[in-house]
Amino acid sequence: MQPVVAALPDKTALIEYTQTVILEKIKAAIAQRGRCTIALSGGSTPKPLYAALAKADLPWDKLYIFWGDERYVPHEHADSNLKMARESWLDQVSIPAEQVLAVATDLENPEASARQYQETLQQFFPNELPPRFDVILLGMGDDGHTASLFPHTPVLQETERWVAVGEKAGQPRITFTAPLINQARTVIFLVAGANKQAALSQVFSETASPTDYPSKLVQPQGELYWLMDEAAAKGLPEQVDLIQTGE
């Protein structure tokens, strides 16, 4: 399936458009299956998106929140993806606490944390294994990484596990693996900034290696959206077709 690629004029327009897409997917999942499972990303780019979603009118008791990756730090640490999502979104709405399924980062080691999160997924999706998320939200770094799948790291070779330990500069992170991400019904990349141009040009090239640019590993069975601002989109090869967004 060809990805849907859209370039919005600026970051504000990008966030508005992404919110529209996500709300559409959430409502469709609830209508079809009675619930929506969504895995969040960290970083600075999705923060205003989460703040916007906090103002949406949704049946919060039907939403189940997971994380595609998490830094191995306490939940109250400034670098915690959970902390950012709680402050900007989840603490502002009436979502039941048991439906926020965070990564445990207080176990004896990161490997134990990854194993426990995989067990959490196995228990949550007993009739749909490997798990198939309704929505997985991803970012992309200027090195082409996504989730905590960094260039030239062992986790890129993982084919069996759904959750594993990635690392950046020696710091461990718990991450969904490419095989799990690729089970999703909808994957949405949210990319902003001129510093992403070089990586985008390689991710969308036919010759670059996923080992060098791990975002190339994301080829889901379902829908794939690449949503970006014009500053980032200048890195796209000319042959990439952009959809008309009405902006």
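For the structure itself, consult the block above.
For clarity, every value in this text was computed on a predicted model and none was experimentally measured.

Draft legend 1. Inspection of helix α4 (residues 110-124) at higher detail. With 15 residues, α4 extends 21 Å from end C-alpha to end C-alpha; this agrees with the ideal 21 Å at 1.5 Å per step. Within the sequence span of α4, burial applies to P110, A112, S113, A114, Y117, Q118, L121 and F124. In this structure, the buried residues of α4 make contact with β2 (36-40), β3 (63-67), β6 (163-168), β7 (171-176) and α5 (178-181). A side-chain oxygen of the first residue of α4 lies 3.2 Å from the backbone nitrogen of E111; this N-cap is N109.

Draft legend 2. Spotlight on the sheet that holds β6. Taken in spatial order, the three strands of this open sheet run β4-β7-β6, and their pairing is antiparallel. Edge positions in the sheet fall to β4 (69-71) and β6, since each has one partner strand and no second. Ignoring which end each strand starts from, the neighbouring axes of this sheet average 30° apart. For β4 and β7, the ladder comprises three bridges, and the chain directions are antiparallel.

Draft legend 3. Focus on the pairing of strand β8 (residues 186-191). In terms of burial, β8 is a largely internal element, six of the six residues being buried. Covered by surrounding structure in β8 are T186, I188 and L190 together with V187, F189 and V191, the residues of both alternating faces. The pairing of strand β5 (residues 135-138) with β8 spans three bridges and is parallel. Paired with I136 across the two strands is V187, which belongs to β8. Where β8 and strand β9 (residues 223-229) come together, six bridges link them in parallel fashion. Bridging across to β9, V187 finds its partner in L224. For the crossover from β8 across helix α6 (residues 197-203) to β9, the handedness is right-handed.

Draft legend 4. Spotlight on the sheet that holds strand β1 (residues 4-8). An order of β1-β9-β8-β5-β2-β3 is seen for the six strands of this open sheet, with the pairing classed as parallel. Because the sheet does not close on itself, it has two edges, and the strands there are β1 and β3. Direction aside, neighbouring strands of the sheet carry axes that sit 20° apart on average. Of the pairings in the sheet, the one linking β2 to β3 comprises five bridges and is parallel in character. Bridged to A39 within β3 is F66. Across the face of the sheet, helix α1 (residues 11-33) comes into contact with β1, β2, β3, β5, β8 and β9 while running at roughly 160° to β9. Packing against the sheet, α4 makes contact with β2 and β3, and its axis sits at approximately 155° to β3.

Draft legend 5. Here's a closer look at the side chain of D69. Within the secondary structure layout, D69 lies in strand β4. Lacking a salt bridge, the buried D69 has R173 as its closest oppositely charged neighbour, with an N-O distance of 4.5 Å. Polar contacts involving the side chain of D69 include one to the side chain of S148, which spans 2.7 Å. Every residue in contact with D69, bar those within four places of it in the chain, is listed here: L40, G42, N81, A147, S148, I174 and T175.

Draft legend 6. Spatial organisation of the pairing of β6. When β6 meets β7, the two strands line up antiparallel, connected through six bridges. Across the sheet, residue K168 finds its bridge partner in β7, namely Q171. The hairpin formed by β6 and β7 contains two residues between the paired strands, and A169 there has a positive phi angle of roughly 50°.

Cut-off values and rules
- Residues numbered from 1 in each chain as written.
- Predicted model: local features only at pLDDT ≥ 70, side-chain atom pairs only at ≥ 80, totals over all residues.
- Heavy atoms only, no water.
- Helix = DSSP H or I, 4+ residues; strand = E, 2+ residues; numbered from the N terminus.
- Expected span 1.5 Å × (residues − 1).
- Buried < 20%, exposed > 50% of the residue type's maximum accessible area, 1.4 Å probe, protein only.
- Contact = heavy atoms within 4.5 Å.
- Polar contact = N/O pair within 3.5 Å; in protein donor to acceptor, adjacent residues only side chain to side chain.
- Pairing = 2+ DSSP bridges.
- Axes fitted to C-alpha atoms, helices over the stretch in contact; angles between N-to-C directions.
- Right-handed = clockwise from strand over helix to strand, strands pointing away.
- Lys, Arg positive; Asp, Glu negative; His and termini not counted.
- Salt bridge = Lys/Arg side-chain N within 4 Å of Asp/Glu carboxyl O.

Without other data, these values stay purely geometric and don't point to any function.
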